[in-house]
Amino acid sequence: MALLTPIPSSYLPKLYSRLSAHDSNSKSRSISLSNSNPYSLVRRTSICRAGFSSHLEKSNFKVSSSVTDVSTNEVPVESAVVKGDTWSIHKFGGTCVGTSQRIQNVANIVMDDCSERKLVVVSAMSKVTDMMYDLIEKAQSRDDSYELALDAVFEKHKLTALDLLDGEELASFLSTLTLDINNLKAMLRAIYIAGHGTESFSAFVAGHGELWSAQILSSVLRKGGVDCTWMDTRDVLIVTPAGSNQVDPDYEESEQRLDRWLLKNPSKVVVATGFIASTPQNIPTTLKRDGSDFSAAIMGALFRARQVTIWTDVDGVYSADPRKVSEAVVLNTLSYQEAWEMSYFGANVLHPRTIIPVMQYDIPIVIRNIFNLSAPGTKICREPVSENEEEENLETYVKGFATIDNLALVNVEGTGMAGVPGTASAIFGAVKDVGANVIMISQASSEHSVCFAVPEKEVKAVAKALEAKFRQALNAGRLSQVAVIPNCSILAAVGQKMASTPGVSATLFNALAKANINVRAIAQGCSEYNITLVVKREDCVRALRAVHSRFYLSKTSIAVGIIGPGLIGATLLNQLRDQAAVLKEKSKTDLRVMGIIGSKKMLLSDTGIDLYKWKELLKEKGEKADMEKFVHHVHGNHFIPNTVLVDCTSSTDVADHYHDWLHTGIHVITPNKKANSGPLDKYLKLRALQRQSFTHYFYEATVGAGLPIMHTLRDLLQTGDKIIRIEGIFSGTLSYIFNNFVATRAFSEVVVEAKAAGFTEPDPRDDLAGTDVARKVIILARECGLHLELSDIPVQSLVPDPLKETASVDDFMQQLPSFDSDIAARRQAAEDAGEVLRYVGVVDVKNQKGAVELRRYNKQHPFAQLSGSDNIIAFTTERYNKQPLIVRGPGAGAEVTAGGVFSDILRLASNLGAPSF
């Protein structure tokens, strides 16, 4: 092994100036420090075992510290060089080799691999590369602390070696480490004096982390009995700069060097440095961003390996960023193109260039989690095949979703662009001149506008350059504007099977529309591997969750806000609690109650309220009720794409908010009759908004509690039937009273009984006045297209006139018996005629009017057959003319009303993409 003595500090300024001169002019005179040069500045001594090396080569200038030189003489390639399926490639990132324990884990994984030959590519220990670049920055800024920082690097590797190695292996590594640190101090001193470091210096210094981790791991493997050597990939891998902070591998030259290296080092296990390489002039360089992954892919191609395994700290490639979509799943397989597209759009997969080397030889890449060896990972290959073809459905056509944030849209438009050659070239030429990166381009076929996305930090320069470029066209009116739309994000849907599959785009946009997401721009290539959308930044996460939920059926997540935790609201919360697990399992619907608000207090949660404890939590942790804050909290949770507010009150004030909520994309469900029976103009405005938007407004429980009255009426109307008449007993309270007002019983006695049983409102006059029935009649009338006000409905009140203004409920109940005779006489007259009394509401669609009144029906009529508090509604239509369509069932009570509201919530979930079960 060759060893360097430190470079004399007196020579450093001259040495640095010559290095810098070489960087600026590759034809400048060079200085050689190789053994063959009698004027070498560095004396080399062989004191350590061959195989541990690191070197800096600058054209003919070579600083060698513990290096094995690459001979310039051609070595004949012999058949002894073995490549192909016997080799497997493993790549371990900095996190994987971050500590001595993790390095030992890596060694165990390598030893457990049954492949005949293995190449292990390693990064520097966690944070070391950053530490090395920090050294250069400190030296350039003449910060003396670079020496202490370098000592910290030395201690980190020394302690790691002491933990893992012993004997000769430990002594050899520590000798090499000490020598490298001394020479790095000399080089950093040169940078310190000059106040500037060249790119070659930076690459050389930064690459030491990989050299040390490769040497440690190879020593650990040898300690475990493995025939192992290590490779400084700068001796093998040759790359050329390609602009934009990238390099291109020289595969032909690299393969020749690899063959020569393998002839000299026939070990079956090779530990290679990632990230670093050399230029054709043997100048140290790096592979730039994600260089270690790139190294592994290049080596996989050079070795014609069976497989490249990238070890990381995640279980594989996810269908979406799991930090944004908790239901994201690990994908079993991806095609090269799918992985390429997802990585371009920011997914934590691989850098796009990492895939290129292995594609040529159809070498699969497997992403594995070093901290979860039981996870199979994600396999990236040519054409992934589903393990179970029967499970394939529409959802599999989109493999994954990725997002890019902090973008701005630039829109250049004007009639003067249409049909004018060179406009696009001029636009993007101006963008190129300011060095901006165009992420996405969209152009209408009319050529009236060109829209493209750039990073937000670059948009001001882009807009300024375009305005300068097209100032004359703007002044002349040929271009109307150069508009900037800030605060945008890109959402990309990726999948190889999207190509030529009808319905994928429709499903995608439908999911976004139902989540009330506005799409600002669209781009799709003819390959159809991805559909790219631009949305508002604040909508990005909600959009991502909405489309992911739709395609993966992970969970149709809905943020629920409950307004009014009284009798109906509390019952609904209990029903939601009892059904939550079933809904998640069978219909993939995740209903999360994010807030509960009453008249005085409210309870908010960021993840979902525990419905087993909501009463206690509201009492103990509830805060002062604030409707604006409540709505903002429930709807503002970007981790859930859909929001519904459930109004379980009878408040007009709450109902007045419906229009604004629907306008902002919040769905509304309610048994509250006030909005649909209130002023006609407000009702028409509300329904118009609902029809024009993609928000839903469901109110089944406003008329029949748990009975499907509204649903039945809509089905009749939507299928073309014409409604002639709707007649029914709409009040469970009044149904109970008249079903029990028989024989010799007094009317007041039955009212007292109904109140005691909880069928009436606290003040029975609210039921007996008929106003509630009138509201139901007006709701049905409006649903049939009648433009009636509540005041247009004549209502026969059952409250005696003298008792309407009675101060208290108790006074009313005490005085009611004195008026029993009047209604008893009416009952007797009906009985004498073989009839019964029933309190009904009527919608006369044909004559465009309605009524609420006490009527007589013969005892064979369906209305006379009721019992308890049942409701009954008869639809007379053109189809159901001779025999009306009857809907009958319980029409009162918290359980059935809450059940009707719950049914609306499930209907909403179905409309948002949840399957039925």
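Residues numbered from 1 in each chain as written. Predicted model: local features only at pLDDT ≥ 70, side-chain atom pairs only at ≥ 80, totals over all residues. Heavy atoms only, no water.

Quick word on the packing of helix α9 (residues 291-303) against helix α11 (residues 352-359)
Rules: Between the N-to-C directions of two axes lies an angle of 0 to 180 degrees, each axis being a line fitted to C-alpha atoms and, for a helix, fitted only over the stretch in contact. Secondary structure elements are defined from DSSP: runs of H or I of at least 4 residues count as helices, runs of E of at least 2 residues count as strands, and each element is numbered from the N terminus. When describing relative orientation, an angle under 35 degrees is termed roughly parallel and one over 145 degrees roughly antiparallel, while 65 to 115 degrees is termed roughly perpendicular and anything else oblique. Contacts were defined at the residue level, with two residues in contact if any of their heavy atoms lie within 4.5 Å.
Where α9 contacts α11, the axes come no closer than 7 Å and their chain directions differ by 5 degrees. One way to sum up the angle between α9 and α11 is to call them roughly parallel. Between α9 and α11, the residues in contact are G291, D293, F294, A297, I298 and A301 and R353, T354, P357 and V358, respectively.

Observations regarding the pattern of salt bridges
Here is the rule: Salt bridges, as used here, are contacts in which a Lys or Arg side-chain nitrogen is within 4 Å of a carboxyl oxygen on Asp or Glu. Any residue under 20% of the maximum accessible area for its type is buried, any over 50% is exposed, and the rest in between are partly exposed; the area is computed with a 1.4 Å probe on protein chains only.
Scanning all chains against the criterion turns up 39 salt bridges. Of the charged contacts in the structure, one is a salt bridge between R725 and E727, with a shortest N-O distance of 3.2 Å. Taking the relative accessible area as the measure of exposure, E727 reaches 12% and is therefore buried. Each member of the salt-bridge network shares a partner with another, and the members are K83, E255, D259 and R304.

Some words on the sheet that holds strand β15 (residues 365-369)
Heads up, the condition is: Strand pairing is assigned whenever DSSP detects at least two bridges linking the two strands.
Strands sit in the order β7-β10-β6-β5-β13-β15-β16-β14 across an open sheet of eight strands; the sheet is mixed. Strand pairing shows two members of the sheet lacking a second neighbour, β7 (228-231) and β14 (333-335), which therefore form its edges. For this sheet, the mean inter-axis angle between neighbouring strands, taken without regard to orientation, is 20 degrees. Lying on the sheet, helix α10 (residues 336-344) is in contact with β14 and β16 (378-381); it crosses β14 at an angle near 90 degrees.

Thoughts on the sheet that holds strand β21 (residues 519-524)
Ordered in space as β18-β19-β17-β20-β22-β21, the six strands form an open sheet in which the pairing is antiparallel. Edge positions in the open sheet fall to β18 (440-443) and β21, since each of these has one partner strand only. Here the average twist between neighbouring strands, direction ignored, is 30 degrees. Taken together, the seven bridges between strand β20 (residues 481-494) and strand β22 (residues 530-536) define a ladder with antiparallel strand orientation. Following the sheet pairing, I490 is matched in β22 by V534. Against the sheet, α10 contacts β17 (400-413), β20 and β22, and its axis sits at roughly 60 degrees relative to β17. Each of β17, β20 and β22 touches helix α16 (residues 540-552); the most contacted strand, β17, lies at about 125 degrees to it.

Brief notes about the layout of surface pockets
Threshold: Lining residues are those with an atom within 4 Å of a point, where the points come from a 1 Å grid over the protein atoms alone and group into cavities, where a 1.4 Å probe fits but cannot get out, or pockets, open sets with protein on both sides within 12 Å along at least five of seven lines. Grid points are joined across faces, edges and corners, and a volume is the space filled by probe spheres set on the points. Lys, Arg, Asp and Glu make up the charged group, whereas Ala, Val, Leu, Ile, Met, Phe, Trp, Tyr, Cys and Pro make up the nonpolar group; the residues left over, Gly among them, are polar.
The calculated volume of the second largest pocket comes to roughly 1,200 Å³. If you trace the second largest pocket, you find 41 residues lining it, with I568, K673, E761, D767 and D772 closest to the centre. Only α17 (567-586), α24 (701-704), α26 (732-740), α28 (765-768), α29 (771-783) and α32 (894-911) provide two or more residues apiece to the lining of the second largest pocket. Classifying every residue of the lining of the second largest pocket gives 14 nonpolar, 18 polar and nine charged.

Focus: the pairing of β16
Alignment of β14 against β16, held across three bridges, turns out to be parallel. Counterpart to T333 in the pairing with β16 is K379. Bridge analysis of β15 against β16 gives three bridges, and the strand direction is antiparallel. Considered in β16, the bridge of V366 is made with K379.

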